[in-house]
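The residues making up each chain are set out below.
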Amino acid sequence: MILSGIMKVHRGKFPLSVIVITICVLVFIAVLYAERLSFLSSNSIFKFKTCPRKTTKPKTTGEKKADEEIVNTTWIDDRFDFDSEECNVANGKWVFNQSIKPIYTDISCPYIDRQFSCIKNGRTDSDYHHWEWQPEDCTLPSFNPELALKKLQGKRLLFVGDSLQRNQWESFVCLVEWVIPEQQKSMKRGTSHSVFKAKEYNATIEFYWAPYLVESNTDINIIGDTKKRIIKVDTITERAKNWTGVDILVFNTYVWWMSGSRIKSLWGSFANGQEGYEEFDTPVAYKLALKTWANWVDSTINPNKTRVFFTTMSPTHTRSQDWGNMKDEKCFNETKPVRKKKHWGTGSDKRIMSVVAKVVKKMKVPVTFINITQISEYRIDGHSAVYTETGGKLLTDEERTNPQNADCIHWCLPGIPDTWNQIFLAML
């Protein structure tokens with residue numbers, strides 16, 4: 001009977017407290033297991049790709065022009081998916097996506113030079129607006145204008161370089177200016193120095209014209225004949241004094257060096273005339289000039305206060321044979337990117353890229369590359385082509401029929417430089 005009584009006790013119901021504790025333990029174990037799986041999936045053991053987020057149409061913060069299309073902008077900081085040290089942005093492909101559209105146009109943004117205003121100048125095809133760059137091993141976050149302005153709050157951002165750098169600067173301004181009320185922004189353009197102000201953010205986005213970075217006899221009063229241009233490869237102070245007190249510096253220099261001629265290089269004062277200059281092959285002269293720039297950065301810039309970036313060379317597409325068009329038409333009438341993996345044309349000089357890499361590697365101040373060369377190599381369809389101006393005048397209808405009049409150096413806006421800035425913002 002005692003045994004029977006005991007058995008009855010064991011067959012009875014478990015107390016509620018025991019059941020609750022058991023459930024909690026099981027849940028805790030399940031959570032730990034899930035966290036472990038999450039940890040493993042985020043480490044290098046398993047290289048899962050993150051999926052690009054769907055984009056949503058943002059709300060505007062002020063009155064917008066009726067012709068302005070505002071799409072393809074996320075309003076969350078999704079940069080946690082992107083690590084510039086882990087992700088090779090140059091390794092990827094352009095993917096056509098009809099649903100994406102620029103967040104500005106060359107009509108809605110009043111700051112675009114006529115040289116880059118392709119739609120306004122008569123370009124009718126628009127497929128080049130619908131290609132998005134997708135790196136293979138990471139997700140590139142979309143450009144968020146409010147995030148960009150918050151990053152720049154109380155800061156000066158200065159782009160320094162040639163007309164391709166002005167291309168990138170105008171793109172950046174247009175990507176952010178539309179979310180700023182009219183009375184809270186201003187633009188002041190100068191011969192060398194132009195400044196866009198976002199007043200409510202106490203921020204400036206600036207451009208300084210210095211096509212060689214170092215001084216020359218042609219960067220202010222431009223000499224058309226490249227054989228008469230002389231580069232003062234050891235002197236930078238007169239230009240660089242305008243680059244101090246800046247929080248973020250973005251440099252470039254490339255296309256002005258690619259004249260096809262040997263570079264006349266001069267030491268000392270220009271007051272001595274042309275006597276004393278020496279002619280060098282382009283990579284040699286470029287290296288001398290870049291070392292002068294590097295020495296200035298190392299001796300002047302405090303890396304605790306200023307970040308330094310360098311935009312790699314923007315490719316030119318002046319030889320259509322590079323992508324299989326044997327008609328010698330440059331980039332004339334091209335409407336699609338090159339699809340060949342790792343395409344590299346004659347418009348990107350690897351000798352120059354090597355010089356930049358070697359000089360920067362020896363610098364004391366850290367310099368971050370905005371690697372645009374490979375991704376831009378594919379985009380033979382994105383240039384201003386015949387929808388541009390020359391000598392201050394738009395091409396006539398007759399001139400537009402001549403492929404040799406195509407500008408295959410600069411880029412339409414909106415266009416490829418927007419992707420450059422997408423990469424740049426992800427690195428900030």
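For the structure itself, look to the data block above.
Bear in mind the structure is a predicted one, so any value in this text is a computation, not a measurement.

1. Concerning empty space enclosed by the protein
Following the criterion strictly, the structure yields three cavities of 30 Å³ or more and no others. Its volume calculated, the largest cavity comes out at about 90 Å³. Taken together, Y212, T226, K227, R229, I231, W256, S259, S261, R262, I263 and K264 form the lining of the largest cavity. Classifying every residue of the lining of the largest cavity gives four nonpolar, three polar and four charged.

2. A closer look at the packing of helix α6 (residues 282-300) against helix α7 (residues 350-361)
Any two packed helices are characterised by how steeply their axes cross, that is the angle between the axes, and by the distance between the axes. Between α6 and α7, the shortest axis-to-axis distance is 10 Å and the interhelical angle comes to 30 degrees. Taken as axis vectors, α6 and α7 run roughly parallel relative to one another. Once α6 is placed against α7, the crossing between them reads as right-handed. Of the residues in α7, those in contact with T282, P283, Y286, K287, L290, K291, W293 and A294 of α6 are R351, I352, V355, V356, V359 and V360. By residue class, the composition of the contact of α6 with α7 is 10 nonpolar, one polar and three charged.

3. Points about the side chain of R379
Looking at where R379 falls in the secondary structure, it is placed in the loop between α8 (373-377) and β14 (383-385). There is a polar contact of 3.1 Å between the side chain of R379 and the backbone oxygen of Y128. In this structure R379 touches W94, Y128, W131, H317, P337, W411 and I416, once residues within four positions along its chain are discounted.

4. Regarding the packing of aromatic side chains
The geometry of two aromatic rings is summed up by the distance between their centres and the angle between their planes. Inspection of every chain in the model, using the stated rule, returns 21 aromatic pairs. Taking the centre distance of 5.6 Å and the plane angle of 85 degrees together, the rings of F143 and F172 count as edge-to-face. Taken together, the positions of F143 in the loop between β2 (131-135) and α3 (145-151) and F172 in helix α4 (residues 163-177) put the pair 29 residues apart, joining distant regions of the chain. For F143, a relative accessible area of 7% translates into the label buried. Where Y208 meets W243, the ring centres are 6.1 Å apart and the plane angle is 75 degrees; that geometry is what we call edge-to-face. Separated by 35 residues along the polypeptide, Y208 in strand β6 (residues 203-209) and W243 in the loop between α5 (237-240) and β9 (248-251) bring together distant segments of the chain. Take Y208: its relative accessible area is 6%, and that puts it in the buried class. Judged by relative accessible area, W243 falls into the buried class, the value being 0%.

5. Remarks on the pairing of strand β17 (residues 407-411)
Where burial is concerned, most of β17 is hidden: four out of the five residues are buried. When β14 meets β17, the two strands line up antiparallel, connected through two bridges. The partner of A385 across the bridge, within β17, is D407.

6. Describing α7
For α7, which comprises 12 residues, the first-to-last C-alpha distance of 16 Å matches the rise-based estimate of 16 Å (1.5 Å per residue) to within 8%. Buried residues belonging to α7 abut α6, β12 (307-311) and β13 (367-370).

7. Here's the deal with the nonpolar core
Counting 94 residues, the largest nonpolar core has F172, I205, W243, F251, W293 and F424 as the members making the most contacts within it. It is α6 that contributes the most residues to this core, eight residues altogether. Apart from the residues lying within four places of it in its own chain, the contact partners of F251 are V160, Q165, L213, W243, W293, W296, V308, F309, F310 and T311. If you look at the next biggest cluster of nonpolar residues, it comprises 11 residues, including Y128, F332, Y387 and A406.

8. Some remarks on the state of the cysteines
A complete count under the given rule lists four disulfides for this structure. One disulfide in the model links C109 with C174; its S-S distance is 2.0 Å. Judged by the sign of its S-S torsion, about -75 degrees, the cystine formed by C109 and C174 is left-handed. Pair noted here: C109 is in the loop between β1 (92-96) and β2 and C174 is in helix α4, with a separation of 65 residues, a long-range link. Here C331 engages in a disulfide with C408; their sulfurs sit 2.1 Å apart. In this structure, the disulfide formed by C331 and C408 twists by about -90 degrees around the S-S bond and is classed as left-handed.

So, how was this worked out
- Residues numbered from 1 in each chain as written.
- Predicted model: local features only at pLDDT ≥ 70, side-chain atom pairs only at ≥ 80, totals over all residues.
- Heavy atoms only, no water.
- 1 Å grid on protein atoms, 1.4 Å probe; cavity = no way out; pocket = protein on both sides within 12 Å on 5 of 7 lines; lining within 4 Å.
- Points joined across faces, edges and corners; volume = space filled by probe spheres on them.
- Nonpolar A, V, L, I, M, F, W, Y, C, P; charged D, E, K, R; others polar.
- Axes fitted to C-alpha atoms, helices over the stretch in contact; angles between N-to-C directions.
- Helix = DSSP H or I, 4+ residues; strand = E, 2+ residues; numbered from the N terminus.
- Parallel < 35°, antiparallel > 145°, perpendicular 65-115°, else oblique.
- Left-handed = near helix turned anticlockwise from the far one by under 90°.
- Contact = heavy atoms within 4.5 Å.
- Polar contact = N/O pair within 3.5 Å; in protein donor to acceptor, adjacent residues only side chain to side chain.
- Phe/Tyr/Trp six-rings, centres within 6.5 Å; stacked < 30°, edge-to-face > 60°.
- Buried < 20%, exposed > 50% of the residue type's maximum accessible area, 1.4 Å probe, protein only.
- Pairing = 2+ DSSP bridges.
- Expected span 1.5 Å × (residues − 1).
- Core = buried A, V, L, I, M, F, W, Y, C linked by side-chain atoms within 4.5 Å.
- Disulfide = S-S within 2.5 Å.

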